[in-house]
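Coordinate inspection notes
Okay, here's what each chain looks like letter by letter:
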Amino acid sequence: MEHQHSERAHDPLVQETEQERARSAAARLFDIRRVIGGLFVAYGLIVGLVGLFDGQSEIDKAQGMRINLWAGLAMLLFGLLMLVWQWLRPAEPPTAEEAREV
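Calculation criteria
Residues numbered from 1 in each chain as written. Predicted model: local features only at pLDDT ≥ 70, side-chain atom pairs only at ≥ 80, totals over all residues. Heavy atoms only, no water. Helix = DSSP H or I, 4+ residues; strand = E, 2+ residues; numbered from the N terminus. Buried < 20%, exposed > 50% of the residue type's maximum accessible area, 1.4 Å probe, protein only. Contact = heavy atoms within 4.5 Å. Areas by Shrake-Rupley, 256 points an atom, 1.4 Å probe, with all protein chains shown as cover. Phe/Tyr/Trp six-rings, centres within 6.5 Å; stacked < 30°, edge-to-face > 60°. Lys NZ or Arg CZ within 6 Å of the ring centre and 35° of its normal. Salt bridge = Lys/Arg side-chain N within 4 Å of Asp/Glu carboxyl O. Expected span 1.5 Å × (residues − 1). Arc of directions from axis to C-beta.

The helix and strand inventory of the protein stands at 6 helices and 0 strands. When each of the 102 residues of the protein is scored for burial, the buried share is 19%. When contacts within the protein are restricted to residue pairs at least 6 apart in sequence, those whose partners lie at least 24 apart make up 72%. As presented, the protein carries roughly 8200 Å² of accessible surface, and 65% of it is formed by carbon and sulfur atoms.

This brings us to the packing of aromatic side chains. Counting across every chain of the model gives 1 aromatic pair. Here Phe 40 and Phe 78 contribute two aromatic rings whose centre-to-centre distance is 4.8 Å and whose plane-to-plane angle is 70°, an arrangement assigned as edge-to-face. Separated by 38 residues along the polypeptide, Phe 40 in helix H3 (residues 32–52) and Phe 78 in helix H5 (residues 67–88) bring together distant segments of the chain. For Phe 40, a relative accessible area of 32% puts it in the partly exposed group. For the cation-ring pair, Arg 33 lies above Trp 85, with the distance from its terminal atom to the ring centre recorded as 4.7 Å.

In this section: the pattern of salt bridges. All told, the structure shown has 1 salt bridge when counted by the stated rule. Taking the shortest distance from any N to any O, the salt bridge between Arg 33 and Asp 31 comes out at 2.8 Å. When its relative accessible area of 7% is taken as the criterion, Asp 31 is described as buried.

The α-helix advances 3.6 residues per turn, and as a result positions three or four apart in sequence lie on the same side. Relative to the 32 Å expected for 22 residues at 1.5 Å per residue, H5 spans 31 Å between its end C-alpha atoms, a close match to the ideal helical length. Among the residues of H5, Leu 69, Gly 72, Leu 76, Gly 79, Met 82 and Gln 86 are the ones counted as buried. Looking down the long axis of H5, one finds its buried residues gathered within 155° of arc, a one-sided arrangement. In H5, the exposed residues that point more than 90 degrees away from the buried face are Trp 70, Leu 77, Leu 81 and Leu 88. Buried residues along H5 sit in contact with H3.

Here's what the structure looks like:
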């Protein structure tokens, strides 16, 4: 019975499935859209909050416009769009054949 268990552990189909699962996880983890989206959301929140509390001197420098608030909102929107795009169209890991070619 122990012999059967060791054969299953060395089954090529099981190993290939585990390799595909690892490639899929790596593809999702290092998806550049996630990194860019997260950074833009974080920076957008920071800049937007600063813009909410801008003093009159900062507003006057920007010719009467709350530039930090608008820039923060734009960055936040862009970051959220990147994260939604990554969520709706996740990265496909390379197939086993494509991985062997590299």
